Amino acid sequence: MSENGYLDATREADSERHRERARDRERRERHSEREYREHRSDRDRDRHSDRDRRDRERDRDRERERDRDRDRERDRDRERDRDRDRYGDRDRRDRNRDRERERERERRDRERERDRRGRTDALGDDRYERERGSPRRERSPVNLDDVIPIGERQRRMTMWDIKPKGYESITSEQAKLSGLFPLPGAPRQMNDAARLQALAQGAEDGENSLLKQLAISANLRPSHSRQGKRALVSNLPLIDNEREFVTFMNNLIGSIDRDHADGSHENPIVVWQFSTDKHSVLLEFGSTEDATIAVALSGVEYGGYKLKINRPKDYVVPEKMQDTSAHVVGSISPSVPDSPDKISIANIPVYLTEDQILELLKEFGELKGFKLLKEKSTGESRGIAFCEYIDEQITEIACEGLNGMELGDSVLVVRRACLGIQQAVSTGLSSVSSMAELANSTSGHDPTRILQLLNMIVPEDLNDEDEYEDIIADVQEECEKFGKVVDLKIPRPTVSNKTPLGVGKIFVRFENEDACTAALKALAGRKFADRTVVTTFFPEENYEVEAF
């Protein structure tokens, strides 16, 4: 036998021994289990037989007692007959006395028999309780001296309406005027305590400095916010592969020659979130211009369905940029940045040239900028263009005049490219009254059932499970004062993602819009954990897909 054959035989023998041991162990376990079941059944059978035996003995004793009573009654009757014959005319009083003595003797006998039977039954019950393993025990008395009554207990701190140290004299309106809480959709600025101090002191120089800083701050522009880079796509067919649809949108927009495509993002779409029923998706692009192009592509077919692409409800329209250079008459800028007066023109016949399109648009007024989207590879027209007029009064007139116009086999779709919430403040702010008007407004959104609470928590507050549960309980208890709360969501960091979307925000869904509006007005400017609460409405479609 070769060495390999010997090793194989050895391994086979070892395996057979292991299998035999396993079979023996299994047989022992089955035998032990069978013995245990038999022993348990015997014990239960003995217990029941003892109980039956005691019941039978008790019944026999009762039957004997009844027989004795009948015998005594019969004996009394016989004795009465004998007395009648024996005594004849003896005094009736003596006979009655004898009967009373006899009855008393019988009564004592019955009591002794009853006591004896009661002791026997009690002994049998105690023995049965001991056999069951549950002897009777008396409960020890509970000492309630150290228990504090509910009415005198100290309530748990909820952190509502607690102002931070050093800012007790600053009102919620002054906190809003500081610029630390911009419009929904715009990122927050860095905390600057000097701003609040300047407002609290009411110094004229400090006030002017604050307004100047707010007017020139580029961080407050909605074009820098994530809401400006998002588009909501609805009317989707049944989608099995999400990435396939995202690839379709990336190829559709990526094939267009875009001036801002600097290669910083390989694909136009950077984040996407589908709804539960897969009928809508929220797309986030790398730039606001790509989101504007996606909205202009509304109506494109996918899987036999015409897609509806719109801005989310929390989208804030960018302010119109101040052009410091003088406009040259007759010159048209090749780029059209996002602004309230930017016009989107779709369904343009691809055979029309730029000059022909410009000739059509110039009939309404002089253009400031014009951009025709073309294929990146071939340079052919995609049938979509953007433009802006010098006179902003012409924007609405041009949209009404061009929308629905038939050109060949196509019908133009003309509308404002940026549709959303208009900012209440322009970069030309120069008075405290305008700032106060902004501060008094809690939200520029259309009312919804979703309330968004900002500046209440930080990611560190959500790491501890107990503290996280306390925050949920505090927020739900406070919000239920204004109406029924359906549910609430507080995004928190995970092991794989330390800063997921929406961390630091709280979202509460009410049963109706009236309750949400009441909560928004009541909670705005209040304090929670030394922070001033900022409230705003939140779109329900974003809440459903958790696009925080």
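From a predicted model like this one, the values you see are computed outputs, not experimental measurements. (Residues numbered from 1 in each chain as written. Predicted model: local features only at pLDDT ≥ 70, side-chain atom pairs only at ≥ 80, totals over all residues. Heavy atoms only, no water.)

With that settled, consider unusual backbone geometry. Not every positive phi belongs to a glycine, and Asn-235 is a case in point at roughly 60 degrees. Inspection of the secondary structure assignment puts Asn-235 in the loop between β1 (230-234) and α6 (242-254). The backbone of Asn-347 shows a phi angle near 65 degrees, a positive value even though the residue is not glycine. By the secondary structure assignment, Asn-347 is in the loop between β7 (343-346) and α8 (354-361). (Helix = DSSP H or I, 4+ residues; strand = E, 2+ residues; numbered from the N terminus.)

With that settled, the discussion passes to the sheet that holds β1. Spatially, the 4 strands line up as an open sheet ordered β2-β3-β1-β6, and their pairing is antiparallel. The outermost strands of the open sheet, each flanked by one partner alone, are β2 (269-274) and β6 (308-310). Strand-to-strand, the axes of this sheet are offset by a mean angle of 20 degrees, without reference to chain direction. Relative to β6, β1 runs antiparallel, the two sharing 3 bridges. What sits directly across from Ser-234, in β6, is Lys-308. On top of the sheet, α6 reaches β1, β2, β3 (280-285) and β6; it is set at about 140 degrees to β2, its chief contact. (Pairing = 2+ DSSP bridges. Axes fitted to C-alpha atoms, helices over the stretch in contact; angles between N-to-C directions. Contact = heavy atoms within 4.5 Å.)

Together, Asp-464, Asp-466, Glu-467, Glu-469 and Asp-470 line one region of the surface with negative charge. The residue Asp-464 is located in the loop between β13 (450-454) and α11 (465-479) in this model. (Patch = residues over 30% accessible without salt bridge, like charges linked within 9 Å, V, L, I, M, F, W, Y side chains within 5 Å. Areas by Shrake-Rupley, 256 points an atom, 1.4 Å probe, with all protein chains shown as cover. Salt bridge = Lys/Arg side-chain N within 4 Å of Asp/Glu carboxyl O. Lys, Arg positive; Asp, Glu negative; His and termini not counted. Charge placed at Lys NZ, Arg CZ, Asp CG, Glu CD.)

Once that is clear, we can look at the pattern of salt bridges. On inspection of all chains with the given rule, the structure shows 39 salt bridges. Salt-bridge contacts for Arg-23 lead to Glu-20; the nearest nitrogen and oxygen are separated by 2.6 Å. Here Arg-23 pairs with Glu-20, and both are found in helix α1 (residues 3-87), just 3 residues apart, close to one helical turn. The shortest N-O distance in the salt bridge between Glu-242 and Lys-278 comes to 2.1 Å. Residue Glu-242 is located in helix α6, and its partner Lys-278 is located in the loop between β2 and β3; the two are separated by 36 residues in the primary sequence. One connected set of salt bridges, linked through shared partners, spans Glu-12, Glu-16, Arg-19, Glu-20, Arg-23, Asp-24 and Arg-27.

To summarise the sheet geometry, strands pair through backbone hydrogen bonds and adopt either a parallel or an antiparallel arrangement. Across the sheet, 4 strands lie side by side as β14-β15-β13-β18; this open sheet has antiparallel pairing. Both outer strands of the open sheet, β14 (485-489) and β18 (534-538), are each paired with one neighbouring strand and no more. Direction aside, neighbouring strands of the sheet carry axes that sit 25 degrees apart on average. Together, β13, β14 and β15 (506-510) form the strand contacts of α11, whose direction differs from that of β15 by roughly 40 degrees.

Tracing the chain through its elements places Ser-339 in the loop between β6 and β7. Residues contacting Ser-339, with those up to four places away along its chain left out, are Val-317, Pro-318, Lys-320, Glu-388 and Cys-418.

On inspection of all chains with the given rule, the structure shows 5 aromatic pairs. Taking 5.1 Å as the distance between ring centres and 75 degrees as the angle between the ring planes, the aromatic pair formed by Phe-245 and Tyr-302 counts as edge-to-face. Of this pair, Phe-245 sits in helix α6 while Tyr-302 is found in strand β4 (residues 301-302), placing the two residues 57 residues apart along the sequence. Residues Phe-245 and Tyr-302 agree in their burial class; the two are buried. Taken together, Phe-245, Phe-248, Phe-274 and Tyr-302 form an aromatic cluster joined through their ring pairs. Across from the ring centre of Tyr-315, 4.2 Å away, lies the NZ or CZ of Arg-311, which sits over that ring. One cation-aromatic arrangement involves Arg-492 over Tyr-468; the distance from NZ or CZ to the ring centre is 3.9 Å. (Phe/Tyr/Trp six-rings, centres within 6.5 Å; stacked < 30°, edge-to-face > 60°. Buried < 20%, exposed > 50% of the residue type's maximum accessible area, 1.4 Å probe, protein only. Lys NZ or Arg CZ within 6 Å of the ring centre and 35° of its normal.)

Summarising the model, the protein shows a mean pLDDT of 76, and 72% of its residues fall at 70 or more. Low pLDDT, under 50, characterises residues 203-220; the stretch is placed with 24 contacts to residues that sit more than four places away or in other chains. Predicted confidence for residues 424-444 stays below pLDDT 50, and this span has 35 contacts to residues more than four positions away or in other chains. (pLDDT = per-residue confidence, 0-100.)

This part is about the side chain of Ser-344. When you line up the elements, Ser-344 lands in strand β7. Relative accessible area serves as the criterion here: at 5%, Ser-344 is assigned to the buried category. Sequence-distant contacts of Ser-344, that is, excluding residues within four places in its chain, are made with Ala-296, Ala-385, Phe-386, Val-413, Val-414, Arg-415, Arg-416 and Ala-417.

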